[in-house]
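# Observations on the model geometry
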Amino acid sequence: VAEINSKLKNRLRVSEGFRAKPYRCPAGKLTIGYGRNLEDKGISRIEAEFLLDNDIAEAQALLRRYLPWTDNLDQARRDVLVDMVFNMGIGSAKTGKGLLSFQNALKHIQRGEYAEAAFHMLDSRWAKQVGGRAEQLARIMETGVEE
């Protein structure tokens, strides 16, 4: 990457402004950040990998914060829960959304009852929505073997 003039960069920051969430620019294009045109330019694979790494780290931190006992799980089963947080958020039992709404599955996981946990994972609206992904994650939860 060519060296970027800091004055130019600062001027663009001020001119474009920063938006963390997608918005429509004056030309009607879906835009994010400092004027990134998502419709015409999109993002590069490197940028997508950077976002993925950040999102995985955030899901891991949420899991550790809300369910600290998951640190005692083997890597494969902990990664199943990280995958679920990545997919649907941490949520809460009250809202009926996110990983925390899987009260029965989580209770069985904490007890080491992985077949029962897998059953409850598959007996959910989430499993119907994501299909094969839920089946794969339930198999990993039950067996402890990464696929």
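In the block above lies the structure referred to throughout.
Right, let's walk through the structure included here. Predicted, not measured: the structure shown is a model, and the values here were computed from it.

If you trace the backbone, F86 turns up in helix α3 (residues 75-88). Since its relative accessible area comes to 37%, F86 is described here as partly exposed. When the C-alpha positions of F86 and Q60 are compared, they lie 8.6 Å apart, and in sequence the two are 26 residues distant.

Below, the discussion takes up the environment of E47. Here E47 lies in helix α2 (residues 45-66). Assessed through its relative accessible area of 29%, E47 is described here as partly exposed. Sequence-wise, E47 and V82 are 35 residues apart; in three dimensions their C-alpha atoms are separated by 21 Å.

Turning our eyes to something else, we now look at the nonpolar core. Formed by 29 residues in total, the largest nonpolar core has its most connected members in L81, M84, L99, I109 and M121. For this core, the secondary structure elements donating two or more residues are α2, α3, α4 (103-111), α5 (114-122), α6 (125-130) and α7 (132-143). Among the elements that take part in this core, α3 stands out by supplying six residues, more than any other. When near neighbours in sequence (up to four residues on either side) are disregarded, I109 contacts W69, L73, L81, Y114, A117 and M141.

Next up on the list: the packing of α3 against α7. Contact geometry of α3 with α7 gives a least axis separation of 8 Å together with a crossing angle of 155 degrees. With respect to their mutual orientation, α3 and α7 come out roughly antiparallel. Here the hand of the crossing between α3 and α7 comes out left-handed. The segment α3 lies against α7, with A76, R77, V80, L81, D83, M84, F86 and N87 engaging R133, L137, I140, M141, E142 and T143. The residue inventory of the contact of α3 with α7, partitioned by class, reads eight nonpolar, two polar and four charged.

Time to look at the sheet that holds strand β1 (residues 19-24). A sheet is described by the order of its strands in space; here three strands give the open sequence β1-β2-β3, paired in antiparallel fashion. This sheet does not close on itself; its edge strands, each paired only once, are β1 and β3 (36-37). Two strands pair when backbone bridges link them, and β1 and strand β2 (residues 30-33) are joined in this way by three bridges, in the antiparallel orientation. Residue R19 lies in a different strand from β2, and its bridge partner there is G33.

With that settled, the discussion passes to the environment of V14. One can find V14 in helix α1 (residues 6-16). Along the backbone, V14 and Y34 are 20 residues apart, and their C-alpha atoms lie at a distance of 8.8 Å.

This part covers α7. The first and last C-alpha atoms of α7 sit 17 Å apart over twelve residues, in line with the 16 Å expected at 1.5 Å per residue. Within the sequence span of α7, burial applies to A134, L137, A138, I140 and M141. One side of α7 carries all its buried residues, which in axial view fall inside an arc of 160 degrees. In the core, the buried residues of α7 are packed alongside α3, α4, α5 and α6. G144 lies just past α7 and shows a positive phi near 80 degrees.

This part is about the packing of aromatic side chains. Inspection of the entire model under this criterion finds two aromatic pairs. Ring geometry for F18 against Y34: centres 5.3 Å apart, planes inclined by 50 degrees, an arrangement best described as tilted. Of the two residues, F18 sits in the loop between α1 and β1 while Y34 sits in the loop between β2 and β3, which places them 16 residues apart along the sequence. A residue is classified by how much of its surface remains accessible, and F18, at 53% relative accessible area, is exposed. On the basis of relative accessibility, which here comes to 44%, the residue Y34 falls in the partly exposed class. Between F102 and W126 the ring centres are 5.7 Å apart and the planes differ by 85 degrees, which places this aromatic pair in the edge-to-face class. Of this pair, F102 sits in the loop between α3 and α4 while W126 sits in helix α6, and the two are 24 residues apart along the sequence. What makes F102 buried here is its relative accessible area of 9%. For W126, a relative accessible area of 6% gives the class buried. Directly above the ring of Y23 sits R19, whose terminal nitrogen or CZ lies 4.1 Å from the centroid.

Rules of the game
- Residues numbered from 1 in each chain as written.
- Predicted model: local features only at pLDDT ≥ 70, side-chain atom pairs only at ≥ 80, totals over all residues.
- Heavy atoms only, no water.
- Helix = DSSP H or I, 4+ residues; strand = E, 2+ residues; numbered from the N terminus.
- Buried < 20%, exposed > 50% of the residue type's maximum accessible area, 1.4 Å probe, protein only.
- Core = buried A, V, L, I, M, F, W, Y, C linked by side-chain atoms within 4.5 Å.
- Contact = heavy atoms within 4.5 Å.
- Axes fitted to C-alpha atoms, helices over the stretch in contact; angles between N-to-C directions.
- Parallel < 35°, antiparallel > 145°, perpendicular 65-115°, else oblique.
- Left-handed = near helix turned anticlockwise from the far one by under 90°.
- Nonpolar A, V, L, I, M, F, W, Y, C, P; charged D, E, K, R; others polar.
- Pairing = 2+ DSSP bridges.
- Expected span 1.5 Å × (residues − 1).
- Arc of directions from axis to C-beta.
- Phe/Tyr/Trp six-rings, centres within 6.5 Å; stacked < 30°, edge-to-face > 60°.
- Lys NZ or Arg CZ within 6 Å of the ring centre and 35° of its normal.

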